[in-house]
Each structure stands twice: as structure tokens, then as C-alpha cells.
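# Architecture and fold: a report
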Amino acid sequence: MGIPDLQKVKAFFNTGKIASNKKLLVYVFFVGIATIFWFLNALGKEYTTTVNYPVRYINLPQNKVLTNKLPEHFALKVNAYGFDLLRYKLSSAFLSNPFDVGLYTNNRMENSSLRNYSLTTSQIVNLFEKDLSSSIKLISILPDTIMFEFSPIVEKKVPIKSMVSISFEQQYMLDEAISLEMDSVVLKGPSSKLDSVYFVETERLVLKDLNKTAKRNVSLKQIKGIKFSQRKIEITVPVEQFTEEKMNVPVKVSNLPDSLLLRLFPGDVKVSYFVGFKKHDKVSADLFDIRVDYNQTSEEGSNKLKIRLLSNPSFVTNVRFHPQEVTYLIEKKKSFK
Amino acid sequence: MLKIGLTGGIGSGKSIVGKAFEMMGVPVYVADIEAKRLMVSNEEVRKLIISRFGHGIYDSNLNLNRKLLAEIVFNDSESLKAINSIVHPAVRADFKRWSNQYSQIAYVIQESAILFDTGLYRDFDKIITVTAEEEIRIQRVVDRDSAGREQIVERMRNQLSESERIARADFVIYNSTELILPQIDLIDKQIRFLASR
């Protein structure tokens with residue numbers, strides 16, 4: 001209908017044409033009254049009909065896990081007066097009704113070792129009827145059989161994988177590896193599902209511009225149908241401000257006979273390393289053990305010796321040194337007798 | 001999420017740079033280590049290696065006889081091509097799977113010595129190359145692998161030249177006697193900027 005039509009309707013009401021057409025008003029009134037009486041009369045009659053009955057299952061066996069999907073609605077064939085059917089439909093239009101599995105099966109599923117169980121709904125019509133309005137007679141329930149498929153519950157310990165995305169403020173870095181409050185979690189669920197679970201991931205944790213150690217509680221990614229021994233764990237991201245430094249470290253000599261002197265060119269090496277700001281004052285040349293081995297002088301047949309880094313302070317990382325070999329000169333010590 | 005290739009010639013110090021990126025929270029996939037793992041753990045790869053090199057290449061515990069394999073490929077370029085054609089696609093697929101888990105972060109790195117040599121560089125958004133003076137690189141490998149100098153020089157000759165690698169890279173880290181952290185820090189910032197666009 002276009003705008004001109006609307007205007008005509010508006011004009012019709014404004015001009016009081018309805019008021020003048022008394023015959024129409026009377027006709028509409030009596031049609032309304034007749035409809036109400038017809039409706040009341042209809043509700044007073046008895047009907048056999050099928051109603052939709054939404055269900056939610058409660059009191060399932062605790063020692064097994066259901067693996068199949070159960071019907072969410074039943075079709076109930078009922079006999080009742082129209083008033084009762086209307087009342088039922090209005091009251092249950094948006095609610096699902098509890099279906100007590102334990103009650104209707106007399107807890108046989110829980111006590112049985114069988115994995116599959118079928119419940120014939122005709123067996124429970126009488127029990128089921130009690131849950132309906134007393135004025136509704138239940139004739140039958142569809143589906144006629146409800147199949148329950150179970151899997152035994154097993155436990156499995158799997159490692160936790162942290163999903164952490166981090167970025168740091170300038171010169172801040174990971175001091176140590178990211179650590180978890182615990183490295184694994186115990187899962188409980190049907191073996192059919194647990195067989196293919198090898199690890200559990202944390203929810204993604206995004207930490208930006210870190211400049212100090214961060215501790216966060218992170219949820220573990222849940223897997224449908226599997227219970228977790230815990231839902232959250234604490235993740236620690238150890239952060240330290242790092243710098244890269246260089247230091248000259250004298251080269252020591254191993255296995256040098258007392259009677260000899262070994263002159264090295266150069267006598268020290270440049271060592272570079274990463275160190276946390278808080279500890280950089282503690283680094284000194286004597287904490288690095290950088291050596292050449294006198295015993296290699298004859299083996300190599302050249303005037304060069306390989307330099308080896310035997311140890312360094314535990315709080316420095318990424319240690320490099322240069323050069324990696326030195327030229328040597330052997331001298332006899334002068335004896336002063 | 002950007003995929004960054006980290007490459008460099010033998011002895012350039014790729015690993016130490018990779019470790020530094022890891023300390024900055026960047027996930028690093030070391031292709032060499034993962035290739036070794038796939039050759040043992042990936043059934044498909046194992047089957048292909050056995051079909052090419054025979055059952056003797058694995059022992060009864062499915063451990064790869066690396067010495068035997070190295071001898072075979074060292075003396076036969078066709079065998080080298082064959083093993084590469086088995087392992088490289090597997091590493092490529094594995095890296096793809098691995099990087100998928102980091103889809104929400106700025107970038108991940110694959111460390112590989114042969115990105116340019118194999119054409120794998122096309123899989124990456126940017127390439128970082130690590131370089132150092134030749135003499136320093138030789139000394140590092142002599143010290144690390146206890147290998148002869150001549151042998152190392154020969155291996156270097158078979159690799160892409162440093163100048164070529166530098167020309168083709170987007171970022172260069174100089175790792176002779178320079179400090180590497182300031183260089184890495186700068187590259188990290190630039191890559192994060194690119195990833196945010």
C-alpha cells in the first residue's frame with residue numbers, strides 16, 4: 001500500500017465514517033462475541049492430540065560418559081480437555097522439562113557394565129504421566145526407544161602447552177624460559193576422546209611491552225566432554241632488562257711446564273655477552289675461564305693455538321669471543337741460581 | 001603474522017641470533033633440528049627414505065644411521081638431491097603447521113642455512129641474514145665442528161656467497177666483533193611495525 005492509500009484510511013477515521021456506519025459496528029461486535037463463545041466451547045471439549053515436549057536429561061550415570069546425542073524433544077500423544085492443553089502449552093512453551101534418567105531406568109545404567117542401553121518409552125508412560133498435569137492423560141511417547149551410548153571414564157595426564165605472545169620494551173628480554181605452575185594436567189573422560197588428546201593448550205595470553213616479570217592466571221582450553229583436574233594455571237614470564245657488553249679477558253694456559261713461558265699474541269680476547277642490568281656490575285674478567293692448551297702446541301704443528309671458553313658466569317648468555325685462536329711463542333724461564 | 005627467514009653462511013652465528021630473538025619472545029623454528037626430528041618421527045618421510053636408501057639406513061629402533069647417510073650423499077649428488085626432495089617439503093609443511101599456532105602474534109622466525117639455495121626464501125615475508133668476516137667464520141667452524149680448515153673452505157665455496165646473500169636479504173646482522181643486541185632490537189621493532197600495518 002502506498003502513501004495515498006494510507007491517507008485515505010486516515011481520512012476515513014477522521015471524518016467519523018465509522019461512527020455513522022452503526023450496522024458495521026454491531027456486526028463486528030457480534031462476530032467477536034460469537035468467536036469467544038466458540039473458543040470457550042472448543043476448549044471445553046476433550047481432544048487427543050500430539051504435543052511437543054522439550055526435555056533435558058538429568059541424573060545420568062556418574063561413572064560413564066554419554067557419547068551419543070539424545071533427542072531434545074519428545075512427541076507426546078495425549079488426551080485432555082482443551083483448557084488443560086492450552087494451560088500446558090502456555091506453561092511449557094519456553095521451558096525444557098527434566099527427564100530423570102536414574103528414576104526412569106531405576107539406576108540400571110549406572111549399575112550395569114554395558115556400554116549401550118536402550119529405554120523403551122512405552123515402559124515409562126505411567127511414571128512419565130505423573131510429571132505431566134494430572135488432567136492430561138498420556139497415551140504414548142515418541143520416539144518409542146531412546147538409545148544411550150556410554151564410554152567408560154579414564155584418566156590421562158597430558159602436558160600443558162603455553163600459548164603466550166609477548167613483546168618487550170626496548171632491551172627487556174626473557175630472563176629464563178616461561179614457566180608454568182605445573183607442566184601437566186589430569187584429564188578425565190571417555191577413552192574414545194582422550195585417546196587423541198596428547199596435550200592441552202592454555203588460552204592465548206598476549207602480553208605487550210613487558211618491562212618486568214609477569215604472572216598471570218590463564219584458563220586451559222577446555223575440551224568438550226572432558227573434565228580437567230584444574231581449569232586455570234599460573235604462567236610466569238620472567239623479564240629482565242638486558243644489555244650486551246664487551247670485556248677483555250686474559251687467556252690462561254693449561255698444562256704449561258714450570259720451566260717454560262708461553263707468550264700469546266694477543267694475550268687477551270674480546271668477550272661479548274648478554275647480561276641483565278641488575279647483574280652487569282657483577283661480571284668480571286676472572287669469572288670467564290678462557291684458555292689455550294700447551295699440549296696442543298706440538299700437535300698442531302703451527303704457531304697458533306685454539307682458544308676455548310671453559311666456563312662463564314651463569315647469569316650471562318650468548319657469550320662470544322674474538323679472536324678464536326692466538327699466536328704463541330715458547331720461551332724457557334731463566335733460572336737464577 | 002609475518003614469517004621471517006633467518007639465514008646466514010656457515011659460521012656466521014645464526015644460532016646465537018636465533019637465541020636472542022627467542023629471548024625477545026619470538027618463536028623460532030630451527031629447520032636443521034626439525035629436519036632431523038622429521039627424518040625419525042615422520043612415518044611418511046621414513047618410508048620415502050627407506051624406499052630410496054634401503055632398510056639399512058634405520059636400525060631396529062628406527063634410529064637413522066646418519067653417518068651412513070652422510071657418506072652416501074657426500075659421494076653422490078643424485079642421492080643428495082633425493083634426500084633433499086624428501087626432507088625439504090616435509091620441513092616446509094611442518095613449519096606451516098607449527099606457525100599456524102602463532103597466528104595471533106606479530107611474527108615467527110625460521111632459522112635455516114639454505115633459504116636462498118633452495119628457493120625456500122619465497123615462503124617468507126622478510127629475510128634476515130647474519131654475516132661475519134670469512135676468517136672469523138672459518139675459525140668458528142674449526143672450533144665448533146673440529147673440522148679441517150680446507151674442508152670448511154670447500155663447504156663455504158659450495159654455499160651462496162656472502163655478498164649475494166646480503167644483497168638478497170631485507171635485514172643484515174653483522175656478527176664479527178659487533179654487538180648484536182642493538183641490531184636485533186632495531187630489526188625487531190621494524191618487523192613489528194610492518195606486522196601491525
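Residues numbered from 1 in each chain as written. Chains lettered and ligands numbered in written order. Predicted model: local features only at pLDDT ≥ 70, side-chain atom pairs only at ≥ 80, totals over all residues. Heavy atoms only, no water.

An unreviewed UniProt entry lists chain B under the name Dephospho-CoA kinase, from Labilibaculum antarcticum. The UniProt entry for chain B carries this comment under Function (unreviewed entry): "Catalyzes the phosphorylation of the 3'-hydroxyl group of dephosphocoenzyme A to form coenzyme A." Per UniProt, the comment on chain B under Pathway (unreviewed entry) is "Cofactor biosynthesis; coenzyme A biosynthesis; CoA from (R)-pantothenate: step 5/5." (UniProt positions renumbered as here; feature names shortened; annotations may be inferred.)

By the naming in an unreviewed UniProt entry, chain A is YbbR-like domain-containing protein, taken from Labilibaculum antarcticum.

The helix and strand inventory of chain A stands at nine helices and 25 strands. Scored against the burial criterion, the 337 residues of chain A give a buried share of 36%. Considering only contacts within chain A whose residues lie at least 6 apart along the sequence, 74% involve residues at least 24 apart. As presented, chain A carries roughly 20,800 Å² of accessible surface, and 54% of it is formed by carbon and sulfur atoms. (Helix = DSSP H or I, 4+ residues; strand = E, 2+ residues; numbered from the N terminus. Buried < 20%, exposed > 50% of the residue type's maximum accessible area, 1.4 Å probe, protein only. Contact = heavy atoms within 4.5 Å. Areas by Shrake-Rupley, 256 points an atom, 1.4 Å probe, with all protein chains shown as cover.)

On to the pattern of salt bridges, then. All names here are of chain B. Inspection of the entire model under this criterion finds 22 salt bridges over all chains. We note a salt bridge from Glu 43 to Lys 47, for which the minimum N-O separation is 3.9 Å. In this pair, Glu 43 and Lys 47 both sit in helix H3 (residues 43-53), four residues apart, roughly one turn of the helix. The shortest N-O distance in the salt bridge between Asp 188 and Arg 192 comes to 3.1 Å. One end of the pair is Asp 188 and the other is Arg 192, both in helix H10 (residues 181-196) and four residues apart, which spans about a single turn. Each member of the salt-bridge network shares a partner with another, and the members are Glu 34, Arg 37, Asp 94 and Arg 97. (Salt bridge = Lys/Arg side-chain N within 4 Å of Asp/Glu carboxyl O.)

All right, on to the UniProt feature "binding site: ATP" (unreviewed entry) in chain B then. All names here are of chain B. UniProt records the feature "binding site: ATP" (unreviewed entry) for Gly 11, Ser 12, Gly 13, Lys 14, Ser 15 and Ile 16 in the present numbering. Secondary-structure assignment places Gly 11 in the loop between strand S1 (2-8) and helix H1 (14-23). For Gly 11, a relative accessible area of 5% gives the class buried. For Gly 11, the contacting residues outside a window of four places in its chain are Arg 137, Arg 140, Val 141 and Arg 144. Along the chain, the position of Gly 13 falls in the loop between S1 and H1. Aside from chain neighbours lying at most four places away, what touches Gly 13 is Val 130, Arg 140 and Asn 175.

Taken together, the 26 residues of chain B in the interface contact 29 residues of chain A. Roughly 2,500 Å² is buried in total at the junction of chain B and chain A, and carbon and sulfur atoms are behind 55% of that figure. Here chain B and chain A share zero salt bridges between them. On inspection of chain B and its partner chain A, the count reaches ten residue pairs in polar contact (both at pLDDT 80 or more). Taken together, the elements giving at least two residues each to the side of chain B that touches chain A come down to H1, helix H7 (134-145) and H10 of chain B. Residues of the side of chain B that touches chain A, tallied by class, amount to twelve nonpolar, six polar and eight charged. (Buried area = accessible area lost by both parts, 1.4 Å probe. Polar contact = N/O pair within 3.5 Å; in protein donor to acceptor, adjacent residues only side chain to side chain. Nonpolar A, V, L, I, M, F, W, Y, C, P; charged D, E, K, R; others polar.)

Residues and elements named next belong to chain B. If you trace the backbone, Ser 79 turns up in helix H5 (residues 77-100). You can call Ser 79 buried: its relative accessible area is 2%. Setting aside residues up to four positions removed in sequence, Ser 79 forms contacts with Arg 52, Phe 53, Ile 72 and Val 73.

The next point concerns the side chain of Ser 191 of chain A. Within the secondary structure, Ser 191 of chain A is located in helix H8 (residues 191-194). In contact with Ser 191 of chain A, other than residues within four places in its own chain, are Ser 151, Pro 152 and Val 154 of chain A.

So, about the nonpolar core. Formed by 30 residues in total, the largest nonpolar core has its most connected members in Met 39, Ile 49, Ile 57, Leu 69 and Ile 83 of chain B. Elements that contribute at least two residues to this core include exactly helix H2 (31-41), H3, helix H4 (66-75), H5 and helix H6 (115-118) of chain B. No other element matches H5 of chain B, which puts seven residues into this core. Looking at this core, you find at least three residues from each of domain 1 (1-27 + 107-196) and domain 2 (33-101) of chain B. If we skip the residues at most four places from it in the chain, Ile 49 of chain B touches Met 39, Gly 54, Ile 57, Tyr 58, Ile 83 and Ile 86 of chain B. Counting residues in each nonpolar core, the second largest holds 27 residues, with Ala 80, Tyr 88, Phe 99 and Tyr 104 of chain A among its members. (Core = buried A, V, L, I, M, F, W, Y, C linked by side-chain atoms within 4.5 Å. Domains from an automatic or database assignment.)

Moving on, we get to the sheet that holds strand S18 (residues 252-254) of chain A. Residue and element names in this part refer to chain A. One open sheet accounts for three strands, arranged S18-S21-S23; its pairing is mixed. Strand pairing shows two members of the sheet lacking a second neighbour, S18 and strand S23 (308-311), which therefore form its edges. Pairs of neighbouring strands in the sheet enclose a mean axial angle of 50°, with direction left out of account. As paired elements, S18 and strand S21 (residues 289-293) share three bridges and run parallel to each other. Residue Ser 254 lies in a different strand from S21, and its bridge partner there is Asp 293. (Pairing = 2+ DSSP bridges. Axes fitted to C-alpha atoms, helices over the stretch in contact; angles between N-to-C directions.)

Attention now goes to H1 of chain B. All names here are of chain B. Counted residue by residue, H1 has seven buried out of ten residues, so it is predominantly covered. The set of residues buried in H1 consists of Lys 14, Ile 16, Val 17, Gly 18, Ala 20, Phe 21 and Met 23. Downstream of H1 by one or two residues, Gly 25 has phi in the positive range, about 85°.

Here, the residues flagged by UniProt with the feature "transmembrane region" (unreviewed entry) are residues 24-44 of chain A. Between the first and last C-alpha atoms of residues 24-44 of chain A the distance is 31 Å; the span itself is 95% helix and 0% strand.

A few words on the pairing of strand S25 (residues 325-332) of chain A. Residue and element names in this part refer to chain A. Strand direction decides the pairing type here: strand S19 (residues 260-265) and S25, joined by six bridges, are antiparallel. In the strand pairing of S25, Phe 265 is matched with Thr 327. Where strand S22 (residues 304-306) meets S25, three bridges bridge the pair, whose relative direction is antiparallel. Along S25, the bridge assignment pairs Lys 306 with Glu 325.

Here we take up the sheet that holds strand S16 (residues 232-237) of chain A. Residue and element names in this part refer to chain A. As summarised here, the arrangement of the three strands in space is S10-S16-S14, forming an open sheet in which the pairing is antiparallel. Edge strands, defined here as strands with exactly one partner in the open sheet, are strand S10 (179-180) and strand S14 (214-219). Of the pairings in the sheet, the one linking S10 to S16 comprises two bridges and is antiparallel in character. Its bridge partner lying in S16, Ser 179 is registered against Thr 236.

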